[in-house]
Amino acid sequence: MTMKLSLKEIFPKTPSGIEGLDEITGGGLPKGRPTLICGSAGCGKTLMGIQFLVKGITEYHEPGVFVSFEETVKDLAANVQSLGFDLEKMIGEKKLRIDHIHIEKTEIQETGEYDLEGLFIRLNYAIDQIGAKRVVLDTIESLFGGMENTTLLRSELKRLFQWLKDKGVTAIITGERGESTLTRQGLEEYVSDCVILLDFRVIDQIATRRLRIVKYRGSMHGTNEYPFLIDESGISVLPITSLKLNHSTSSEILSYGHAGLDKLFKGNGFFRGNSTLVTGSAGTSKTMLATYFALSSCERKEPVLFFSFEESPDQLIRNMQSVGLKLKPFIKSGLLNIHSSRPSLSGLEMHLLVIHKLISEHKPKTVIIDPISSLVTVGNNSEVRAMLVRLMDLLKVNQINAFFTALTHPQSADYFDFTVDAVSSLADTWIRLTNHSDAGIRSRTLSIVKSRGMGHSNEINEFVIGDKGIKLKNNSSAK
Amino acid sequence: MNKKKRLLATTEDKLVLVLYVSGMSPKSMEAIENINRICADQLENSFELEIIDLYKHPELAAEQQIVFSPSLVKRFPLPKKTLVGTFADSEKVIKGLGILFK
C-alpha cells in the first residue's frame, strides 16, 4: 500500500482528450510511454489516434506527429473534417505533422539483413521539427505485409517502442485484432504499459461500440467494458460514475407542479434530487404528470431536459396544450429542452451516452424520461438493470430531480413487469396510475406506492382529466 | 547534394542507383562495400551510384519514402525498384535490379 502513494509520481499521465477515457484510466494515458490500441477494422482506432493528437494541440498545447501507414494526409484530413478537426491548418501552424508511409510491396526486395533505421530517422526528424510530445503510429503492422523476415521486423518494432520511451513522447500505436491474439503480430507483448481494446459488435441488429482497458501497468483502472460513441464531436466514452452511495441529499422540498398531487405528500412535494417513478398502463396520463413536473421546474427557472421516446416535441406540445399545459413559452426561453428519438434507433448504452452528453451540455436540474420502459426493449435484462443503475447514479450525483414513466400491462402485476421491477427499487417515490371501467364508466385512479423519507396518502384517489388538466376527486384542495 | 540530385536525368543506358544508409553502422558499411563491388564487377561504367547518409539528410527519408535501411533505390530505368538489406547475394541483387546481360 505504501507503493500506491508514490505511483502517481512514478507513472505520470497525459490527458487523452477523449471524453470519459481519462475518468476510466484515472487521468489519461501513461505519459512518455506507448499505449497500444487494438481492435478490428472500423472500430475507431484511427479516429482515437487523431483525436488524441488534435486535443493535445488544442487543449494541452502539445504538438503531435501522426505516422500513417494506410491513409494519405488528404484522406485523413477529409475524414475528420466533419468533426471540426482542421488538420491542414494545424499542419500549417507547425503543431501537427503527418507522415504518410507508403511502401509499394511489389517494388521491394529483401537481400539480406536490414533494420528500420529509416523509419526511426523519419520519426525523429518529424518529432524534432515541431517539438512533438504526442505520437501516433497507425497501423504499424502493415509493415509486415509482404515482408519475408518477420523475426527481424519484430525485434525492430521492439526497439522502436523502446526508442519512443527514450524519446519521452506519449505514443499511441494501433493494431488490427488478430485471431487468437489482441493484434496480428502480437504487439501486446512489446507494448506493456497500457493496452486498450476497442470492439464493434452487433447485438439484436443494434451496433454498439465498446472499449476495455486490457492492462495499464502501475495504475488503477476500470475493468469493465465501456460503451463509446462516435458522433459529430468525436469519440466519447461512457464511464460508470462511482457506484458508491455517497451523494449528498437535500431536504429542500419542491412541488410536482400540481397542488392536488403535492397535497398527498406530508411535506407537500418531494425532496430535491429525488427520483419519481410513475407506472400505469396505456392512457393513464403518465405523460401529463411528467408535463406538470416539467412546468414546475420551469417556473422555478430551473432547466429541464425532457426525453420523449414516443412523441415528437411538436406532438407533445400540441397534446399538452389540449389540457391547458403550455410548454411552448419555456421552449422559447430555453428552459425546456425536449429530445425525441426512437428508442430502437440505437442501443441502450447509446441512449444513456446521449443522455449523459446532453446532461453535461444543458446542465438541467430536472430530467424526465418518458417512458423509460421503451429503453428496456432495446437491451437484455441484466444489461438494462446495470444501465438504469448508472443512469440513476448519474442523476443523483448531480442532484437532478428525475421523473420516469413506465408502461405496464393492465393484467399483469407490477412485480412481473421487468422495468417496474428494475426501476421501482431505485426510485424514491412511486406513483401508480390506473384506468379501469366499472358500470360503463372508465375511472382513473392515482395512488402512492412509496415515498422514501416522507409520509404520504394511502388512499386510492380518483381523478378526472378536463380542459384544465388533472383534477383529483377526493381532494378538496385540488385544482 | 544538389549537384548529385541533378544526375537523375542521365542517358538511357545508365542505371541510376541511390543507396540510403544510416551512418557508419556495420550494416551500412557492408552494404556500401557490396554495392561497390557488384557495380564494379558487373556494371562497369554504365551506372551512377549515389550514397546518402540519412542521418545527415533526415528530411530525405520522408521525401523518398525510405523506411528500411540500408535501401537501394533504382531510379532509372523504370520501373522503380527498392532493394533492402546488405546485398550480400550479388546474384539476387542483379536479378532484383532487373538487369539483363547480353
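Residues numbered from 1 in each chain as written. Chains lettered and ligands numbered in written order. Predicted model: local features only at pLDDT ≥ 70, side-chain atom pairs only at ≥ 80, totals over all residues. Heavy atoms only, no water.

Q: Just to check I follow, could you spell out the packing of helix α6 (residues 117-130) of chain A against helix α7 (residues 150-167) of chain A for this structure?
A: When two helices pack together, you describe them by how their axes are tilted relative to each other and by the distance separating the axes. Residue and element names in this part refer to chain A. Where α6 meets α7, the closest approach of the two axes is 11 Å, and the angle between their N-to-C directions is 20 degrees. On the basis of the axis angle, α6 is roughly parallel to α7. Of the two possible hands of crossing, α6 and α7 adopt the one that is right-handed. On the side of α6, the interface is formed by Glu117, Leu119, Phe120, Leu123, Asn124, Ile127 and Asp128, while α7 contributes Glu156, Arg159, Leu160, Trp163, Leu164 and Lys167. In the contact of α6 with α7, the residues fall into seven nonpolar, one polar and five charged. (Axes fitted to C-alpha atoms, helices over the stretch in contact; angles between N-to-C directions. Helix = DSSP H or I, 4+ residues; strand = E, 2+ residues; numbered from the N terminus. Parallel < 35°, antiparallel > 145°, perpendicular 65-115°, else oblique. Left-handed = near helix turned anticlockwise from the far one by under 90°. Contact = heavy atoms within 4.5 Å. Nonpolar A, V, L, I, M, F, W, Y, C, P; charged D, E, K, R; others polar.)

Q: Would you take a moment to explain unusual backbone geometry for this structure?
A: In most cases, non-glycine residues show a negative phi, while peptide bonds are predominantly trans. The amide bond that connects A:Asp138 to the next residue, A:Thr139, takes the cis arrangement and shows omega of -15 degrees. Counting through the fold element by element, A:Thr139 comes out in the loop between β7 (134-138) and α7. The amide bond that connects A:Asp370 to the next residue, A:Pro371, takes the cis arrangement and shows omega of -10 degrees. If you check the backbone angles, A:Lys301 has positive phi at about 65 degrees while not being a glycine. Within the secondary structure layout, A:Lys301 lies in the loop between α9 (286-299) and β16 (304-308). Positive phi, normally seen in glycine, also occurs at B:Phe87, with a value near 60 degrees. Within the fold, B:Phe87 resides in the loop between β4 (81-85) and α4 (90-97).

Q: In this structure, what is going on with the pairing of β4(B)? I would like to understand it.
A: Within a regular strand, the side chains alternate between the two sheet faces. Burial of β4(B) is extensive: four of the five residues sit out of reach of the surface. Where strand β6 (residues 108-111) of chain A and β4(B) come together, four bridges link them in parallel fashion. In the sheet register, A:Thr111 faces β4(B), and the bridge partner there is B:Gly85. Both strand β3 (residues 71-76) of chain B and β4(B) contribute to a ladder of four bridges, which runs antiparallel. When the sheet's bridge partners are listed, B:Lys74 is paired in β4(B) with B:Lys81. Linking β3(B) to β4(B), which pair antiparallel, is a turn of four residues. (Buried < 20%, exposed > 50% of the residue type's maximum accessible area, 1.4 Å probe, protein only. Pairing = 2+ DSSP bridges.)

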